[in-house]
Amino acid sequence: MVTGGLGLAERRSRIRAAHEALDALGEVLHEAAGPELAELLGQVDAVASSAEAARVAVTLEALVRGEVLGGATGRVGTAAVIEWLREHAPATRQGTAAAAAKVALLAAGGDGAGSLAPDAPLVDPDTAEGRIAHAVLAGEMSPSVGVAALGEVERLRPRLRPEALPSVADGLVELGRGHGVGVLRRLRPALLARYGMPGELDAVQQRLAGSARLSAPLVASTDLTEYQLRMTPEQAVALEAAIGPLSAPAPNDATGARDLRPAGQRRVEALTEVCRRSSGLDADTTGPDGTGGAAAAVHLTIALDDLVEGTGCGEVLGSTATGTVLSVETLRRICCEADLIPHVLGTAGEVLDLGRVARLFSRAQRRALARRDRCCTYPGCAAPAAWTRAHHALHWLDGGATDLDNAALLCERHHQVVHRRRLWATVRARPDTRGRYVVWDLTEGSYDRHLEQIARERSAHDPPPITPTRLAELAAALTGDDDLESRVAEHDLALWNEWFTDAAGEQDLDDARAPWRKETPAA
């Protein structure tokens, strides 16, 4: 057959010339100017694409002529074609033989099982399979992408309207040619939404729910805990919408510090924060009006008519789930699950200062802190109050009171920073010139230095420790009785200490003398 004025002999001559031109091309590339390299690469790429398509075309011709031998029944299977290719085209031994064999068999009229009957008619060029095979033979897409497109057609065929299959094939060819195999798989939901049977996309996504899994972990105190997680598209979209804003890098403009956390660490910390807010384990997430943090918002594009009529699909935007396709019914279900929960703030009779009666700040205290601090108090951080928790400036275990004048709002990230770097905060009764009630000392270890200072100040005012001898001396001085040491030893030192401390603290010596009479002390 003569095409484009060139016969077989001249084409073979040019193929040999092209091979000679490409052989050891790297040895003369130094002669090319910089801009020429891009042009040269394009020419080599075009030759490679044509060569790949020609390999399938030659294999197809061999199948049509019966050059590839079949079994006893005369049917030629995929294995036989692969063996023929590997024998006569050694480069296909590197992994390209299977794809070329499958496309050639299909174009020759092979069935879905990958075998060709004698005298089988060539594939109809107007069918979905014919269009994909033609695209490979024309060099528009590689055999491997062609096989992937054929696989998508087979998966979609039972779920699509029959008349839509050729259009679907054209779409697969167009995207496969420009973007490869990965995009073909991502196109499947959109094709189901546009060309599928009524309700097919909904049915597919609903069937996925039964396979979604979150494994039960074995939590280790000294090692990382692993989970296995498989989610439906709906679940994945909700998760990404929730953790996406919280997991973004957050450099500190005020201090100039970069966010050096790896992406994986940022994501797991964001997921932990979402869990804290939703579970109520961390009650510090109330906003200025007492409400909880804002729910995650899912952004998507969808035609108004599709939303009203329940057709088509929506495409997610603005998160790592961008491009995920959700059916209209799924979107409506997500919308129905969004609740508005009003909260009424108490204004009278709410105790804001609990001292050390309780370790956790009360709801009323957190509301007051949200109004006072407005956001995370760490310098340069603007995380809103709904994303923060109440932090004891002087830690509770170190004697810090659960009071407003010992509290500061911190987001999860900076809460970790403050504890890790041992930072101290001064809580002011009135804001400074910059409007801050909480002023942080960002010098590493500042908390420990302030703790030492507090200890020194306390020791300067504390009385010396009470020992039995010292207790007898003090008792004798108060009562005028010099024979108390023996009686002190006969009774519980803690009880004597308590009596003496209470009486001396009241500065009422008459009352102080009463327990120290020569009679047995009162119980």
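Preceding this section is the structure that the text describes.
No experiment lies behind these values; they were computed from the predicted model shown. (Residues numbered from 1 in each chain as written. Predicted model: local features only at pLDDT ≥ 70, side-chain atom pairs only at ≥ 80, totals over all residues. Heavy atoms only, no water.)

Q: Where do I start with the packing of aromatic side chains in this structure?
A: A ring pair, where both rings are aromatic, is described by two values, the distance of the centres and the angle of the planes. Overall, the coordinates contain one aromatic pair when judged by the stated rule. An angle of 40° between the planes, with centres 5.8 Å apart, marks the rings of tryptophan 424 and tyrosine 447 as tilted. Taken together, the positions of tryptophan 424 in strand 10 (residues 424-427) and tyrosine 447 in helix 16 (residues 446-461) put the pair 23 residues apart, joining distant regions of the chain. (Phe/Tyr/Trp six-rings, centres within 6.5 Å; stacked < 30°, edge-to-face > 60°. Helix = DSSP H or I, 4+ residues; strand = E, 2+ residues; numbered from the N terminus.)

Q: Sorry if this is basic, but what is going on with the pairing of strand 11 (residues 438-441) here?
A: Regular strands show a simple pattern: their side chains alternate between the two faces of the sheet. Here strand 11 shows one buried face, formed by Val438 and Trp440, and one open face, formed by Val439 and Asp441. In this sheet, strand 11 lies alongside strand 10 in antiparallel orientation, the contact comprising four bridges. Following the sheet pairing, alanine 425 is matched in strand 11 by tryptophan 440. (Buried < 20%, exposed > 50% of the residue type's maximum accessible area, 1.4 Å probe, protein only. Pairing = 2+ DSSP bridges.)

Q: How do you make sense of the state of the cysteines when you look at a structure like this?
A: Working definition of a disulfide: a covalent bond connecting the sulfur atoms of two cysteines. Per the counting criterion, the structure on display carries zero disulfides. Here cysteine 411 is not cross-linked by a disulfide; its sulfur's nearest cysteine counterpart is in cysteine 381, at 3.9 Å. Note on cysteine 411: relative accessible area 9%, which makes it buried. (Disulfide = S-S within 2.5 Å.)

Q: Would you explain unusual backbone geometry in this entry?
A: Apart from glycine, the bulk of residues carry a negative phi angle, and the bulk of peptide bonds sit in the trans form. The backbone phi angle of alanine 24 is positive, close to 60°, even though this residue is not glycine. With respect to the secondary-structure elements, alanine 24 resides in the loop between helix 1 (8-22) and helix 2 (34-65). Located in the positive-phi region is arginine 422, a residue other than glycine, with phi close to 55°. Within the secondary structure layout, arginine 422 lies in the loop between helix 15 (412-421) and strand 10.

Q: Could you clarify how one ought to interpret a nonpolar patch on the surface in this entry?
A: A surface patch of nonpolar side chains, amounting to about 410 Å² of accessible area, comprises Leu214, Tyr227, Leu229 and Met231. Along the chain, methionine 231 turns up in the loop between strand 4 (229-230) and helix 10 (233-243). (Patch = residues over 30% accessible without salt bridge, like charges linked within 9 Å, V, L, I, M, F, W, Y side chains within 5 Å. Areas by Shrake-Rupley, 256 points an atom, 1.4 Å probe, with all protein chains shown as cover. Salt bridge = Lys/Arg side-chain N within 4 Å of Asp/Glu carboxyl O.)

Q: What am I meant to see in helix 1 here?
A: Each α-helix turn comprises 3.6 residues. Residues three or four places apart therefore point the same way. Along its 15 residues, helix 1 runs 21 Å from first to last C-alpha, staying within 8% of the 21 Å computed at 1.5 Å per residue. A positive backbone phi angle near 60° is found at alanine 24, which sits one or two residues after helix 1. (Expected span 1.5 Å × (residues − 1).)

Q: Is there a simple way to explain the nonpolar core in this structure?
A: Within the largest apolar cluster, 46 residues are counted, with the highest numbers of intra-cluster contacts made by Leu63, Val68, Val81, Leu85, Ile132, Met141 and Leu172. Mapped by element, the contributors of at least two residues to this core are helix 2, helix 3 (78-88), helix 4 (97-107), helix 5 (128-137), helix 6 (143-156), helix 7 (165-179), helix 8 (181-195) and helix 9 (200-208). Those residues in contact with leucine 85 that lie beyond four places of it in its chain are Arg55, Thr59, Pro90, Thr92, Ala97, Ala100 and Ala101. If you look at the next biggest cluster of nonpolar residues, it comprises 15 residues, including Ala383, Ala393, Cys411 and Val438. (Core = buried A, V, L, I, M, F, W, Y, C linked by side-chain atoms within 4.5 Å. Contact = heavy atoms within 4.5 Å.)

Q: How do you make sense of the environment of leucine 187 when you look at a structure like this?
A: Among the structural elements, leucine 187 can be located in helix 8. Note on leucine 187: relative accessible area 16%, which makes it buried. Taking C-alpha positions, leucine 187 is 9.6 Å from threonine 324, a pair spaced 137 residues apart along the chain. With residues near it in sequence (within four places) discarded, leucine 187 still touches Gly171, Leu172 and Leu175.

Q: I tried to follow the packing of helix 6 against helix 7 on my own but got confused; where do I start?
A: Two packed helices can be described by the angle between their axes and the distance between those axes. One can describe the packing of helix 6 onto helix 7 by two numbers: an axis separation of 10 Å at closest approach and a directional angle of 150°. Helix 6 and helix 7 meet at a crossing whose hand is right-handed. Facing helix 6, whose interface residues are Val145, Ala149, Glu152, Val153 and Leu156, helix 7 presents Leu165, Val168, Leu172 and Gly176. (Axes fitted to C-alpha atoms, helices over the stretch in contact; angles between N-to-C directions. Left-handed = near helix turned anticlockwise from the far one by under 90°.)

By themselves, these are just geometric observations and shouldn't be taken as functional.
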